[in-house]
Amino acid sequence: MTSRIMASPLPIHIFQSARLAASSRRAYSSINCKTQYNICFVRHGQSTWNRDNRFIGWTDTPLTEDGVLEARVAGRMLQSSGILFDEAHTSLLRRCIRTTNLVLMEMGQEYIPVNKHWRLNERSYGDLVGLNKKEVVKKFGKDQVKRWRRSYDEPPPPMSENHDHHPKFDPRYRLMLDDIPRSESLKCTKARSKIYWDDVIAPALRSGKTLLVVGHENNLRSIVMRLEGISAEDIINLSLPRAIPLAYRLDKDLKPLPRADGKRDEATGMLNGTWLGGDDAVQEILERDYKQVYDTSIEQNLERGSDRDKWRRWTEMAIGDPEDESFEAHSRSHVHRNLNNNKNHEKR
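Treat the numbers as computed from the prediction; the structure is a model and nothing was measured.

A few points about the pattern of salt bridges
- All chains considered together, the criterion is met by 26 salt bridges.
- Put simply, Glu217 and Arg150 hold a salt bridge, and the shortest N to O gap is 2.9 Å. Of this pair, Glu217 sits in helix 8 (residues 217-228) while Arg150 is found in helix 6 (residues 142-150), placing the two residues 67 residues apart along the sequence. The two residues Glu217 and Arg150 agree in class, both being buried.
- Each of Glu70, Arg242, Arg288, Asp289 and Glu303 takes part in one network of salt bridges that share partners.

Shown next, in the form of structure tokens:
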């Protein structure tokens, strides 16, 4: 990861004038005056089973120490971008809940409401839950596993009733046992996320609220698929990285407005949203994630090892002391000095 993962901060007078203009239109504020319909998606940080390359689904795996750092970096990206949220939405799973809390802490926005709902949970991976992804590729083949993970309407094998990680054993679902899926395709996941979008997210957006949605890869894929109008045939090619904010400006019909460059993102080639970490950084992460699952010639766990250690050292330097509440101190950090150097270089 390089300094490009942090968005350049805007002058403070722009924040102030934008907030004044926004507050004159509605009770909630956003610094984006070009449209009052704004939403940002963030996938959670690394969990223990992401690190171990296992299928997770509804299993409540916690963040690793690296996952905490990823979440904090995502918060710093958002804080540097200047966006202000009115409320946040996330799942019932602690890897997302803690990511939400860490992001808002870094932004100094812990005060906003946070809504949690099972309809924003990760898709159910059925009987694959707990298995190592690369071992499953070796057994069933790359094409089959890719269809299970990324296709629109092919669910994995259903979870057995006595599975060690069946959600029915989790007390948070005790009042909805009949609604627990045994396995889900993206189509199934999209059906439940659509209900939450239509009933909760869309009305909030139409009222002028700026929203943060912290979710899981497949749940977010289902929402982005609908938002962008991606076909059932093409969605198999869309993957989302952890902890890189994806920001959208929407029109009054809640359809994505074009990016500033008028093009689709370079990382996936499908999206009108803006990656606050930069397209190049996202592309590198997605390539690593693909190798981690599908390249059986690589025995090393790419979520561990020397490259990961380098990333961790850089990240710790970039975000500084978690107890430091001074954003002025942050603005003098190595990251911002690099950003200013990059900006000066671009002007030459």
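Looking at the side chain of Thr189
- Here Thr189 is to be found in helix 7 (residues 186-206).
- For Thr189, a relative accessible area of 0% corresponds to the buried category.
- Only 3.0 Å separates the side chain of Thr189 from the backbone oxygen of Ser185, close enough to count as a polar contact.
- Not counting residues up to four positions away in its chain, the partners in contact with Thr189 are Arg123, Glu184, Asn218, Asn219 and Ser222.

Observations regarding unusual backbone geometry
- Phi is positive for Asn53, which is not a glycine, with a value near 65°.
- Tracing the chain through its elements places Asn53 in the loop between helix 2 (48-51) and helix 3 (65-81).
- At Leu254, a position not held by glycine, the phi torsion is positive, near 60°.
- Turning to its location among the elements, Leu254 is positioned in the loop between strand 5 (246-250) and strand 6 (274-275).
- Take Leu254: its relative accessible area is 5%, and that puts it in the buried class.

A look at the sheet that holds strand 2 (residues 87-90)
- In space, the 6 strands of this open sheet follow the order 3-2-4-1-5-6, with mixed pairing throughout. Edge strands, defined here as strands with exactly one partner in the open sheet, are strand 3 (114-116) and strand 6.
- Relative to strand 4 (residues 211-215), strand 2 runs parallel, the two sharing 4 bridges. In the strand pairing of strand 4, Ala88 is matched with Leu212.

Calculation notes
Residues numbered from 1 in each chain as written. Predicted model: local features only at pLDDT ≥ 70, side-chain atom pairs only at ≥ 80, totals over all residues. Heavy atoms only, no water. Salt bridge = Lys/Arg side-chain N within 4 Å of Asp/Glu carboxyl O. Helix = DSSP H or I, 4+ residues; strand = E, 2+ residues; numbered from the N terminus. Buried < 20%, exposed > 50% of the residue type's maximum accessible area, 1.4 Å probe, protein only. Polar contact = N/O pair within 3.5 Å; in protein donor to acceptor, adjacent residues only side chain to side chain. Contact = heavy atoms within 4.5 Å. Pairing = 2+ DSSP bridges.

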